[in-house]
Amino acid sequence: MKDNLNIKIDGRGKDRLEIIEALLNSRNADEFELLNPSENDLIPYDDMINLSKGFDLLYDSIFANCSRHDKILIHADVDVDGLTSYSIIYQYLKNYMPETRIKATINKGKVHGIENYDLNNLEDVDLMIIVDSINDLEEYQRILETGVKILILDHHIISKEVIEFEKNNENICLISSANNYPNPMLSGSGVVWKFCRYFDDMTLNDYSDSLVDLAMTGIISDMCDVTTKENYYICHKGLTNIKNPVLKEFAKGYTFNGETITYGIAPVINSAMRMLQNDYVLDIFNLVDKKEIKKKIEHLKFIKTKQNEEVEKLLSTDTDIKDYGKLAVAVIKDNEYNLKGLMANAIMSNIQKPLICVTKHDNYYSGSARAIGVDNFLKISEDTNEIVFAKGHENAFGIKINSDNLDSYVKKVNKILNETEFKNEITIDCQINPYQITIQFIDDIERLSVVTGEGYKPYKFMVELKANTFSVGAIKNTHMKITSADMNYIKWNDNSIEQYMGKDIIVIGTLNKSKFMGKVQKQMIIDKIIVKE
């Protein structure tokens, strides 16, 4: 696949301040607003439906419940946003009630919501708080029939049936950023934090202030747009006030930013879910003991290693990949883990074209779809009218296809993409010369990149290195380090150093600093290396 470099700014020959100004202009960003978001950017409480109803429901459960059924149960969802949502409300409730009155449940694997929920968990429960998931009405009715009340704090699309039922039932409350809220990109953790903040205001407390870093973590991990004013405020406040000891341990002395969450925290947490270790990871963000935190994170990284080994095993022994021209179909044997998305990523990185990675069931296929080189593979799949559903992001989503429709689906995708020439679009914020990268320049970039995530990606830079100006080596036989003058260029999980030796190269990545033994070192974390022709 051909790389198409979209260079927004040619910074070669410009001074530091000229480049900074050009970078801000390219994103229509205002430096003062980036560095000084205001509490006024939070949307007024009146615009979030049912906050007062939710307050009454929770307040009554905390202070006025009966002696036998006096517990509050929190049902967490199976991703980072779900866990941070759970930890926010769990830690918040501990300010009002003993831990013995708080229960928690979580599903196995990547199963979302409360479908077929085990009602035995509700025997001593007065209120069930469901965070970061939404279900069909029947599932809520099952729970309400037990006498348990329900508080839903979520951000996913809601059926009209659930909305109408909730309006007319005092024992269930739905608070959601998807319910006519001006900021539908507020994640589950954002909704939970805002509800706690409202509870604070109603009770003249400030307990939610120490939990905003968890809301930030959920927003960024769930790929919610960080450029909405409310999300940006929450993320900026969280990133500049890290309180949670688990988040601090994940950073390990490095600057904590959006990349820490996207590439450090989320993959490790999600690997535990995929490997069915949900119970093990449920309370990760509630830990306070440093030794326990370090031990748990180390074990989570071990789980991630086992996950990757399982992916490699399945790819080598239990996967049938067929290339149909513009589309590839990988059929894998069913297994106990939730690895189809990871397998799809691995296969697509090799074949460089749209792909569905599915397991065959009795009369349908289900799994994950991934695409590169097209704008919206989800819409392309929907336009075939041959699928049961496609849910997720434009080029990374879950898919289900009836067995009888698979051939027609493949043919229609090929027809839609017949004239498409797949290109790997690489957006580069600025091309500069290596000598222009100074510590002061990196400091400027980090200052303007406190909040990065969906909608405001880290600034990407491109430099050209002549063959006689750099050396290439490996770090622990796993990572690549290119050294040129007083700067290092690091490519994680890639030690294919031979192909770059003695050649002119283009290096694309993000700038930062490393610190070792008191010495500050300039470095670029590499996304892409291109050998110049």
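In case you missed it, the structure is sitting above this.
Residues numbered from 1 in each chain as written. Predicted model: local features only at pLDDT ≥ 70, side-chain atom pairs only at ≥ 80, totals over all residues. Heavy atoms only, no water.

What to know about the overall build of the chain
Next, step 1: On a plain count of helices and strands, the chain comes out with 17 helices and 20 strands.
Next, step 2: For the C-alpha atoms alone, the extent of the chain along its principal axes is close to 80 × 55 × 40 Å.
Next, step 3: Long-range pairs, those at least 24 residues apart, make up 67% of the contacts in the chain between residues at least 6 apart in sequence.
Next, step 4: Accessible area of the chain: about 25100 Å², with a carbon and sulfur share of 46%.
Next, step 5: Here the chain contributes 63 positively and 80 negatively charged side chains, and the mean placements of these two sets differ by 6 Å. (Helix = DSSP H or I, 4+ residues; strand = E, 2+ residues; numbered from the N terminus. Contact = heavy atoms within 4.5 Å. Areas by Shrake-Rupley, 256 points an atom, 1.4 Å probe, with all protein chains shown as cover. Lys, Arg positive; Asp, Glu negative; His and termini not counted. Charge placed at Lys NZ, Arg CZ, Asp CG, Glu CD.)

Comments concerning the nonpolar core
Next, step 1: Membership of the largest hydrophobic core comes to 126 residues, with the highest contact counts inside it found for L93, I129, F461 and I482.
Next, step 2: Of all the elements, helix α4 (residues 80–93) adds the most residues to this core, at eight residues.
Next, step 3: Non-local contacts of F461, meaning those with residues more than four positions away in its chain, are made with L23, I428, C430, I432, F441, I445, V507, I508, G509, L511 and M524.
Next, step 4: In terms of nonpolar packing, the next biggest core, distinct from the first, is built from 22 residues, F377, I387, L406 and V413 among them. (Core = buried A, V, L, I, M, F, W, Y, C linked by side-chain atoms within 4.5 Å. Buried < 20%, exposed > 50% of the residue type's maximum accessible area, 1.4 Å probe, protein only.)

A word on the side chain of N50
Next, step 1: By the element assignment, N50 lies in the loop between α2 (31–35) and α3 (51–63).
Next, step 2: Among the polar contacts made by the side chain of N50, one reaches the side chain of E166 at a distance of 2.8 Å.
Next, step 3: With sequence-adjacent residues up to four places away left out, N50 is seen in contact with E166, C173, L174 and I175. (Polar contact = N/O pair within 3.5 Å; in protein donor to acceptor, adjacent residues only side chain to side chain.)

A short note on the packing of helix α11 (residues 258–274) against helix α13 (residues 290–317)
In helix packing, the relevant descriptors are the interaxial angle and the interaxial distance, both defined with respect to the helix axes.
Next, step 1: At a minimum axis distance of 8 Å, the contact between α11 and α13 shows a crossing angle of 65°. Of the two possible hands of crossing, α11 and α13 adopt the one that is left-handed. For the pair α11 and α13, the contacting residues are P267, V268, I269, S271, A272 and R274 in the first and L300, K301, I303, K304 and Q307 in the second.
Next, step 2: For the contact of α11 with α13, the residue count by class is six nonpolar, two polar and three charged. (Axes fitted to C-alpha atoms, helices over the stretch in contact; angles between N-to-C directions. Left-handed = near helix turned anticlockwise from the far one by under 90°. Nonpolar A, V, L, I, M, F, W, Y, C, P; charged D, E, K, R; others polar.)

Here's the deal with the pattern of salt bridges
Oppositely charged side chains may form a pair once their charged atoms are brought near each other.
Next, step 1: What the rule picks out here adds up to 30 salt bridges.
Next, step 2: Here E309 ties to K306 by a salt bridge, and the two come within 3.3 Å at their closest N and O atoms. Here E309 and its partner K306 are both found in helix α13, three residues apart, which amounts to about one turn of the helix.
Next, step 3: A relative accessible area of 37% means that K306 is categorised as partly exposed.
Next, step 4: Notably, a salt bridge pairs D323 with K353, separated by 2.9 Å at the nearest N-O pair. Placement of the pair is D323 in strand β7 (residues 319–323) and K353 in the loop between α14 (340–351) and β9 (355–360), with a sequence separation of 30 residues.
Next, step 5: Residue D323 is classed as exposed on the basis of its relative accessible area of 52%.
Next, step 6: What emerges from the salt-bridge pattern is a single network uniting R16, E31, D444 and R447. (Salt bridge = Lys/Arg side-chain N within 4 Å of Asp/Glu carboxyl O.)

Some remarks on a negative patch on the surface
Next, step 1: The grouping of E115, D136, E138 and E161 at the surface amounts to a negative patch.
Next, step 2: In this fold, E138 is placed in helix α5 (residues 137–144). (Patch = residues over 30% accessible without salt bridge, like charges linked within 9 Å, V, L, I, M, F, W, Y side chains within 5 Å.)

Let's talk about helix α8 (residues 212–221)
Next, step 1: The element α8 is extensively covered by neighbouring structure, given that 10 of its 10 residues are classed as buried.
Next, step 2: When α8 is considered as a whole, its buried residues turn out to be V212, D213, L214, A215, M216, T217, G218, I219, I220 and S221.
Next, step 3: Among the structural elements, α4, α7 (188–203), α9 (229–239), α10 (245–251) and α11 are those in contact with the buried residues of α8.

A few points about the sheet that holds strand β12 (residues 396–402)
Next, step 1: Pairing is mixed across the open sheet formed by six strands, whose spatial order is β7-β8-β9-β10-β12-β11. In this open sheet, the two strands that pair with only one neighbour each are β7 and β11 (389–393). The sheet shows a mean angle of 20° between the axes of neighbouring strands, taken without regard to direction.
Next, step 2: As defined by bridge partners, β11 adjoins β12 across five bridges and the pair is classed as antiparallel. (Pairing = 2+ DSSP bridges.)

Re α4
Next, step 1: Across its 14 residues, α4 extends 20 Å between first and last C-alpha, which sits within 8% of the 20 Å expected from 1.5 Å per residue.
Next, step 2: Most of α4 sits inside the fold, with 14 of its 14 residues counted as buried.
Next, step 3: A side-chain oxygen of the first residue of α4 lies 3.3 Å from the backbone nitrogen of D81; this N-cap is D79. (Expected span 1.5 Å × (residues − 1).)

Some details on the sheet that holds strand β15 (residues 461–465)
Next, step 1: With mixed pairing, seven strands are arranged side by side in an open sheet as β14-β15-β19-β20-β18-β17-β16. A single partner strand is all that each edge strand has here, and the edge strands are β14 (430–431) and β16 (471–475).
Next, step 2: For β16 and strand β17 (residues 479–484), the ladder comprises five bridges, and the chain directions are antiparallel. If you follow S471 over to β17, its bridge partner there is T483.
Next, step 3: Against the sheet, helix α17 (residues 439–447) makes contact with β15, β19 (505–516) and β20 (519–531), and its axis sits at roughly 90° relative to β19, the strand it touches most.

By themselves, these observations are geometric and do not establish any function.
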